[in-house]
Amino acid sequence: MSHSRPIPAEKLRWNCDPELLGFETTTELPEFNDAIGQKRALRSIEFGLGVDGSGFNLYISGETGTGRTSTIASILSKRAREEPQPHDWVYVNNFKDTDSAISLDLPAGKGSELAADMKELIEAFRKDIPKALESSEYETRRVELLESYQSASNDLFQELEKASEKLGFSLQRTVSGLVIVPQKAGRNYTQEEYDALNEKKRTKLEKQGKELTERLNDVLRQVRDQEKLTKDSLSQADRDLGMSCLGHRLDPLREKYGALEKVLGYLDSVREDILNTLDDFKPQSTQPQIPGIKMQRQEPSFDRYQVNLLVDNKDTDGAPVVFESNPTYNNLFGRIEHVMQYGGVAVTDFTMIRSGALHRANGGYLVIDAREVLINPFVWDSLKRCIRNNEIRIEDVLEQYRFMTMVSLKPEPVQMRAKIVLVGTPWIYYLLFHLDPDYRKFFKVKAEFDSRVTRTPEIMNDYALFVASYCRSEGLLPFDKSGVAALLEHAARMADDQSKLSSRFMEIADFIREISFWASKSGRTIISGDDVRAAAEESLYRVNRIEERMQELYEDGTIMVDTSGTVAGQINGLSVIGLGDHTFGRPTRITATVYAGQDGMINIEREVKLSGPIHDKGVLILTGYLGGTFAAERPLSLSASICFEQSYDGIEGDSASSTELYALLSALSGVAIKQGIAVTGSVNQRGMVQPIGGVNHKIEGFFAVCRAQGLTGEQGVMIPKSNERHLMLHEDVIQAVTAGQFHVWGVETIEQGIEILTGVKAGHRGKNGKFPNGSIYCLVDDRLRSMADRLEEQKQKHKPKSGKQVVSKKTAI
């Protein structure tokens, strides 16, 4: 069979038969919310969500738009409804350490109940205490205690006064306190009278005064002890009053929360603090006001008895599913707020602790974007710490970076029972896997979404269901069967494969919306295949301005490309230009020159540093092929240069290596190449043509240049045969091929390709070691032999007469 037969038009594109879809319009189809063709990812997600154990969190890997987030959202929403409600979490005051706060774990709904119960308790107690203080029983007991203390104190002092008077002394009150003073005739001694006393009288007075002073000190000690006992009795009276008011209100709470040991401990702490601070519940006296200045009234605060409801799962249906779109540190782990008081002092307390996404997802699932986690400071390390310790700790991460410290809290951490789901690209996954040793311990399950799915009848049906559901949910025009068929063809074109469909559903959904817009603008009520193709043209027109400008350069001859005639050592290569939002192919003239010498293969792009390593590798492979084919019995000695003409940017990739080899064989053999045929494909050292990427863009790019210069029926593109399954060409190219004006060839070897390009067989080395006369390889072999002979003659001619051999510094390739 001839190797030069073009590929038939029906194999240049997959066409979907609308009759195979089994419906007339998408309005007939039911709702559909499942993932399409992602069996591997779904199995991984099922395992990751179902397995228990430390570190079995998930990383959802895949390109943007492949349905990663929507799929995991759908799965989690269904799964979470079947799981139990998680507990509430509250923060309460730590009465023993005001710099801390206690976290309490309560069944769902009990957190808000505890907050309401505590609020009701304090409000009731604030009313009960003043009423109890006004009761006759309390007042009578208080008066009795005070009178008892007063009576006992008076008795002690009266007894001391009588003893002092009997000895001629008096108990008097001075600035420094009570003192014993000697008296004469009912009055105090003057200094002169005291100095006039004889020694015996003075000594006696001093001795008696000292004894009375000791008795006074003893009385004062007894009074102080009595005062302390009275205060204790008054405090006990207040405590008894408080217990009488508090007991009948606190006991029901203890019974209600009796199964929660930590809550009971908190209620005991509340009781002790209330009983120790009963003065706060008493009516407060009015502070004196300074004229002209309004003083802030200082009243006792009862905020310490509040319950800070951190997470309320009362209305949660099953387990929570939280999607945090902005995973900053505070949004993820919570924060401690501060308020400014008079004097510029920032203060805080446990009521200002705010929850983060991890708290709200506790007992359920947290879904976050991997890239956002990595770009936000402190988040990644803190997230790993939470997973490692199974606790969520709220901290002020900026504390160590402040010039001045602020009053802050150290709240008790909350136990974490959440499953973390990271959503990101494969690049981030492998970056973390290789550079962070902790990553593989904490995210042990990868669910990988593919950007392409194999086209099967089931997948095609799922596509139709997706289109129906999306149009229905977004209020777009419905599709008929021809419209869905055209959309499937578009998805195959996106995948660059006749047997695959793109799974970038974000782009497909955007395209569906665009189709509906243009169809509505044209007055359609149902979208057909023509509407899909028209929308594709509109979409292309918005982004192909650069492509059209480059096409003008080909048409006016600024970029020189021949599409007719024959030239030796010159060929049209094909390249792909990517601009981010648009990709297109364009031909480039490649030339090769050969001459006698031992410089080897000179890649001009490499010499001027315009080529990448893969392109350089492709050029070096040519040396291996030439050596293996033509240098079996003698060294290969030649100099050759290869150049991409009018190329001023960097070149990368090996898809032009076969093209360069064809140009080199043409230059060596002297046989001209048909300029109407462009070539793409890489080659290995054995001459086998290997597949490349962007085949559709390359063919269409050369077709556009040929059409502008005039189709002759001899033009076309030669591609690797292994790329035939990737063909999804534009309808214009298909029509030209059908009309015989354009061709596409698929080749497997360099020998097949050179025959198509030159019309001359390549030839195979026979048993005698020679190629058939007139074949391309025979002409190349003769040329190489001729150049080697001339080179040897030059060496002999310049050989020194002394017989010493000159060693060349150049190395044969």
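A brief look at the structure comes next. Every value quoted in this text rests on a predicted model; they were computed, and no experiment measured them.

Approximately 1800 Å³ is the volume found for the largest pocket. Residue lining of the largest pocket: 48 residues in total, with H490, R493, A536, L540 and H582 positioned closest to the centre. Those elements that place two or more of their residues in the lining of the largest pocket are α15 (481-495), α16 (505-521), α17 (529-543), α18 (545-555), β23 (583-595), α22 (695-709) and α23 (731-738). Of all the elements, α17 adds the most residues to the lining of the largest pocket, at 9 residues. Within the lining of the largest pocket, the residues separate by chemical class into 15 nonpolar, 13 polar and 20 charged.

For sheets, the rule is that strands pair by backbone hydrogen bonds, running either parallel or antiparallel. Read across the open sheet, the 5 strands follow the order β8-β13-β17-β1-β18; overall the sheet is parallel. The two strands at the open ends of the sheet, each matched to only one other strand, are β8 (321-324) and β18 (445-448). The sheet shows a mean angle of 20 degrees between the axes of neighbouring strands, direction not considered. Across 5 bridges, strand β13 (residues 365-369) lies against strand β17 (residues 419-424) in parallel orientation. In the sheet register, L366 faces β17, and the bridge partner there is I420. Packing of helix α1 (residues 39-50) onto the sheet brings it into contact with β1 (58-61), β13, β17 and β18, and relative to β18 it is tilted by some 155 degrees. Seen against the sheet, helix α2 (residues 68-81) touches β1, β8, β13 and β17 and runs at an angle of roughly 155 degrees to β8.

This brings us to the nonpolar core. The biggest cluster of nonpolar side chains holds 46 residues, and the ones touching the most others in it are L626, Y662, L665, M718, I750 and Y777. Among the secondary structure elements, those contributing two or more residues to this core are β23, α20 (613-630), β25 (639-644), α21 (657-669), β27 (677-679), β31 (742-747), α24 (750-758) and α25 (776-797). With 7 residues, the top contributor of residues to this core is α21. Not counting residues up to four positions away in its chain, the partners in contact with L626 are M601, A631, L636, L661, L664 and L665.

What counts as what
Residues numbered from 1 in each chain as written. Predicted model: local features only at pLDDT ≥ 70, side-chain atom pairs only at ≥ 80, totals over all residues. Heavy atoms only, no water. 1 Å grid on protein atoms, 1.4 Å probe; cavity = no way out; pocket = protein on both sides within 12 Å on 5 of 7 lines; lining within 4 Å. Points joined across faces, edges and corners; volume = space filled by probe spheres on them. Helix = DSSP H or I, 4+ residues; strand = E, 2+ residues; numbered from the N terminus. Nonpolar A, V, L, I, M, F, W, Y, C, P; charged D, E, K, R; others polar. Pairing = 2+ DSSP bridges. Axes fitted to C-alpha atoms, helices over the stretch in contact; angles between N-to-C directions. Contact = heavy atoms within 4.5 Å. Core = buried A, V, L, I, M, F, W, Y, C linked by side-chain atoms within 4.5 Å. Buried < 20%, exposed > 50% of the residue type's maximum accessible area, 1.4 Å probe, protein only.

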